[in-house]
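The lines below spell out each chain.
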Amino acid sequence: MRKPRTAQLELPFGFRRTVLTSQAHICLDGRLVSYTVKRSRRRSSISLTIDEHGLRVGAPWQASPRAIEDLLREHDAWVLRKLAEWQERRPSPRCWQDGETLMLLGQPLRLTLVPDQRQIRVDGSRFIASPAWARNADEMKKKVTDWLRREALQCFRERIAHFHPLLEVSAPEVHLSNARTRWGSCHIGGRIRLNWRLIQMPLRLVDYVVAHELAHLVEMNHSPRFWKTVARIVPDYRARRTEIKTEGHRYLLV
Ligand SMILES: [Zn+2]
């Protein structure tokens, strides 16, 4: 028997939100702390992180505000200490104006706007662009970051070409990522994604990330064997890994 057709008309939203971000505040040890809550349907537990924007809480979709506050109170000393560290090291935001400092492979470059330039070029410690290319900061940001992304891809390809024979793996396909939470990732099948912002870091740190992802082509895990593989091409990987963990946030400004 055929089911009768429903008489009710549905008007679905047409999309199902999977992430919801909101702001909240809590008093911890007598101090008012603001934080961002990012709810996700894919999450199953609450996490606390301090990123370049401050305190961020990752929470399951249904987590109650109470559960989040309880966790923050439970870890109040950690939160306050990490926030104090973040305040101290927090660099000023970019405005994409003449005189601003940009980073390329660990070298500070002064954004210098010179009229009638055809293309971006680096001249000594100057990063030369033309004021005519952009009507506002956003357009200048796009110009500069597009250039940085092209540099990044070229640099990553060169470093992969240098390292992959040492691990006796074939050169993987490389793609740029724009992630805010990771520097690189490796996919089964031999594709590597590297964060274009790495191009701002000194080459030794770029190399660490490239070596790390290449080593995943040999060991798709973080086992002792994996770290031994990394050490074959970057023997002092521990120091570089620590440096990226402590200094990496500086390069997330863009
Ligand atoms: Zn890894």
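Residues numbered from 1 in each chain as written. Predicted model: local features only at pLDDT ≥ 70, side-chain atom pairs only at ≥ 80, totals over all residues. Heavy atoms only, no water.

K.L.:
How should I be thinking about the overall build of the protein in this particular structure?
P.N.:
A tally of helices and strands in the protein yields 6 helices and 11 strands. Its C-alpha atoms give the protein a radius of gyration of 23 Å, more than 25% over the compact-globule value 18 Å for 254 residues. Taken over the C-alpha atoms alone, the protein extends approximately 70 × 55 × 45 Å along its principal axes. Residue burial in the protein is summarised as follows: out of 254 residues, 40% are buried. Pairs at least 24 residues apart make up 44% of the contacts formed inside the protein by residues separated by at least 6 positions. Counting every atom, the protein has about 16000 Å² of accessible surface; 50% of that belongs to carbon and sulfur. (Helix = DSSP H or I, 4+ residues; strand = E, 2+ residues; numbered from the N terminus. Rg over C-alpha atoms; globule rule 2.2 N^0.38 Å. Buried < 20%, exposed > 50% of the residue type's maximum accessible area, 1.4 Å probe, protein only. Contact = heavy atoms within 4.5 Å. Areas by Shrake-Rupley, 256 points an atom, 1.4 Å probe, with all protein chains shown as cover.)

K.L.:
Help me understand the sheet that holds strand β2 (residues 31-40) in this model?
P.N.:
Pairing between the strands of a sheet is mediated by backbone hydrogen bonds and can be parallel or antiparallel. Here we have 4 strands laid out as an open sheet, ordered β1-β2-β4-β3, and mixed in their pairing. In the strand order of this sheet, the two ends are held by β1 (19-28) and β3 (47-51), each with one partner. Going across the sheet, the axis of each strand differs from the next one's by a mean of 30°, ignoring polarity. Its contacts with the sheet place helix α2 (residues 76-89) against β1, β2, β3 and β4 (54-60), and it is angled at close to 15° to β3. (Pairing = 2+ DSSP bridges. Axes fitted to C-alpha atoms, helices over the stretch in contact; angles between N-to-C directions.)

K.L.:
Would you mind showing me how to read the coordination of the zinc ion here?
P.N.:
Ideal geometry at a metal centre gives angles of 109.5 degrees when four donors are arranged tetrahedrally and 90 or 180 degrees when six donors are arranged octahedrally. The protein atoms that coordinate the zinc ion are H212 (NE2), H216 (NE2) and H222 (NE2), at distances of 2.0 to 2.1 Å. All donors of the zinc ion come from a single chain, and their spacing in sequence reads H-x3-H-x5-H. By the burial criterion, H212 is buried, and H216 matches it. (Donors = N, O, S within 2.8 Å, 3.2 Å for Na, K, Ca; no water.)

K.L.:
Hey, could you run me through the packing of aromatic side chains in this one?
P.N.:
By convention here, two paired aromatic rings are described through the distance between centres and the angle between planes. For the structure on display, the rule yields 3 aromatic pairs. Relative to W147, the ring of F127 has its centre 5.1 Å away and its plane inclined at 85°; by these criteria the two rings are edge-to-face. Linking F127 in strand β8 (residues 126-129) with W147 in helix α3 (residues 137-167), this pair joins segments that are 20 residues apart in sequence. Relative accessible area serves as the criterion here: at 13%, W147 is assigned to the buried category. Aromatic pair F226 and W227: ring centres 4.8 Å apart, planes at 75°, arrangement edge-to-face. Through pairs of rings, three or more aromatic residues link up here, namely F226, W227 and Y237. Lying over the aromatic face of W133, K143 brings its terminal NZ or CZ to 5.4 Å of the ring centre. The aromatic ring of W227 is capped on one face by R241, whose charged end is 4.5 Å from the ring centroid. (Phe/Tyr/Trp six-rings, centres within 6.5 Å; stacked < 30°, edge-to-face > 60°. Lys NZ or Arg CZ within 6 Å of the ring centre and 35° of its normal.)

K.L.:
It is not clear to me how unusual backbone geometry should be interpreted in this structure. Could you clarify?
P.N.:
Across residues other than glycine, the phi torsion is negative in most instances, and most of the peptide bonds are trans. A positive phi angle is found at D29, which is not glycine, with a value near 50°. You can see D29 is positioned in the loop between β1 and β2. One non-glycine residue, E168, lies in the positive phi region at around 55°. Mapping E168 onto the fold places it in the loop between α3 and β9 (173-177). Take E168: its relative accessible area is 68%, and that puts it in the exposed class.

K.L.:
I would appreciate a short explanation of the sheet that holds strand β6 (residues 107-113) in the present structure.
P.N.:
The 4 strands lie next to each other as β5-β6-β8-β7, forming an open sheet whose pairing is mixed. Edge positions in the open sheet fall to β5 (101-104) and β7 (121-123), since each of these has one partner strand only. Recorded for the sheet is a direction-independent mean angle of 40° between the axes of neighbouring strands. Relative to β6, β5 runs antiparallel, the two sharing 4 bridges. Paired with T101 across the bridge in β6 is R110.

K.L.:
Explanation requested: the packing of α3 against helix α4 (residues 203-215) in the structure shown.
P.N.:
When two helices pack together, their arrangement is given by the angle between the helix axes and by the axis-to-axis distance. With their axes 10 Å apart at the nearest point, α3 and α4 run at an angle of 50° to one another. In terms of orientation, α3 and α4 fall into the oblique class. Helix-helix and strand crossings are classified by hand; for α3 and α4 the assignment is right-handed. When α3 is examined against α4, the residues C155, F156, R159, I160, F163, H164 and L167 are found in contact with a partner set consisting of L203, V206, D207, V210, L214 and A215. Tallied by class, residues from the contact of α3 with α4 come to 10 nonpolar, 1 polar and 2 charged. (Parallel < 35°, antiparallel > 145°, perpendicular 65-115°, else oblique. Left-handed = near helix turned anticlockwise from the far one by under 90°. Nonpolar A, V, L, I, M, F, W, Y, C, P; charged D, E, K, R; others polar.)

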